[in-house]
Amino acid sequence: MFGFGTKNIGIDLGTANTIVYVEGKGIVLREPSVVAKNVKTDEIVSVGEDARAMIGRTPSSIVAIRPMKDGVIADYDTTVAMMKYYIQKALGKSAGKPYVMVCVPSGVTEVEKRAVIDATRVAGARDAYVIEEPFAAAVGAGLPVMDPTGSMVVDIGGGTTDVATISLGGIVSSRSIRMAGDKLDDSIVSYIRQNFNLLIGERTAEQLKMDIASASVEEAASIADATVRGRDLITGLPKTVTIKATDIAVAIQESITEIITAIKETLEETSPEIAADVIDHGIVLTGGGALLKNLSEVISEVTKVPVFIANDPLDCVAIGTGESLKSIDVMKKR
């Protein structure tokens, strides 16, 4: 514990959602990574859930911004404002400056890493440190990361999918691809536009993904249809259509194939010993994408390795980031 009793915090700064873990309390906050901003005055109108509700519904003077893109900072000033809001909300405005651990995708550059650290300091941290997402996910999923045995984790977030094999407290081989939840949403929007002449918003696409999307086209046949509202591209008028789950499964197939390719490539890079451990213990899925119907079965079929979904997949990265606060003394000496 440092700084006049201020508790240290871990932040899963995701493209879609930000989750905050407070030392000694666990996860205290989970909100969308969205900021609503007045473009005329540059004033922040709202952050998180309130801002997300404004997406696609704002007047021209207000824009709803997602300041994180593909797992990295796309809008520095807005990210700082968002982090400041979340740190104050998690700790209270009267709290001192905390030490903050933030997770980043495994493929980020040193420049991108430095941007995260700088933004966190400007947002009110006494100091900031970063931890790689797949390692944090493995810790949060309860994998034996410090043991001399190989574990494999696939963290499918909003902006990136991080695949890694881990042993003896470090990442042995990894892949980070910008193919995850957001790209699945984009694929659904694009497919419905091309095949139904209907324009839908990203929130509608995300809801379709959660309700009826399946990684397997065959299994999708048993899922009920969904009703979708959007704008008819021919008449320009509002329109309602019925979408089959098989349509959504076809729409996301290319994205699913990319994720599976990243898993196969990571496995191909590992030593025979770690590959044998992974066959024994299986691949663990974390992140929101782990909840996609039939994904674990499809990955298992292609890789011939057992695949499991972690308990609380949405929270694994945040829990692992928070758990790593216990070794913050080691980070401070680096």
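Rules behind the numbers
- Residues numbered from 1 in each chain as written.
- Predicted model: local features only at pLDDT ≥ 70, side-chain atom pairs only at ≥ 80, totals over all residues.
- Heavy atoms only, no water.
- UniProt positions renumbered as here; feature names shortened; annotations may be inferred.
- Pairing = 2+ DSSP bridges.
- Helix = DSSP H or I, 4+ residues; strand = E, 2+ residues; numbered from the N terminus.
- Axes fitted to C-alpha atoms, helices over the stretch in contact; angles between N-to-C directions.
- Contact = heavy atoms within 4.5 Å.
- Salt bridge = Lys/Arg side-chain N within 4 Å of Asp/Glu carboxyl O.
- Buried < 20%, exposed > 50% of the residue type's maximum accessible area, 1.4 Å probe, protein only.

As recorded by an unreviewed UniProt entry, the protein chain carries the name Cell shape-determining protein MreB and is attributed to Dellaglioa algida DSM 15638. Its UniProt record gives the protein chain the following Function (unreviewed entry) comment, quoted word for word: "Forms membrane-associated dynamic filaments that are essential for cell shape determination. Acts by regulating cell wall synthesis and cell elongation, and thus cell shape. A feedback loop between cell geometry and MreB localization may maintain elongated cell shape by targeting cell wall growth to regions of negative cell wall curvature." Here is the UniProt Subunit (unreviewed entry) comment for the protein chain, exactly as written: "Forms polymers."

What follows is about the sheet that holds strand β5 (residues 43-47). Here three strands make up an open sheet; going across it, the order is β5-β4-β6 and the pairing antiparallel. In this open sheet, the two edge strands, each paired with only one partner strand, are β5 and β6 (62-65). Within the sheet, the average angular offset between the axes of one strand and its neighbour, ignoring direction, is 25°. Sitting on the sheet, helix α2 (residues 76-91) touches β4 (35-38), β5 and β6, and the angle it makes with β5 is about 50°.

The next thing to look at is the pattern of salt bridges. Counted by the stated rule, this structure contains 16 salt bridges. In this structure, R66 engages E202 in a salt bridge whose closest nitrogen and oxygen atoms are separated by 3.2 Å. Residue R66 is found in the loop between β6 and β7 (68-69), and its partner E202 is found in helix α6 (residues 202-212); the two are separated by 136 residues along the sequence. Judged by its relative accessible area of 26%, R66 falls in the partly exposed class. Look at E202 and you get partly exposed, because its relative accessible area is 35%. By sharing partners, the salt bridges in this structure join R66, D182 and E202 into a single network.

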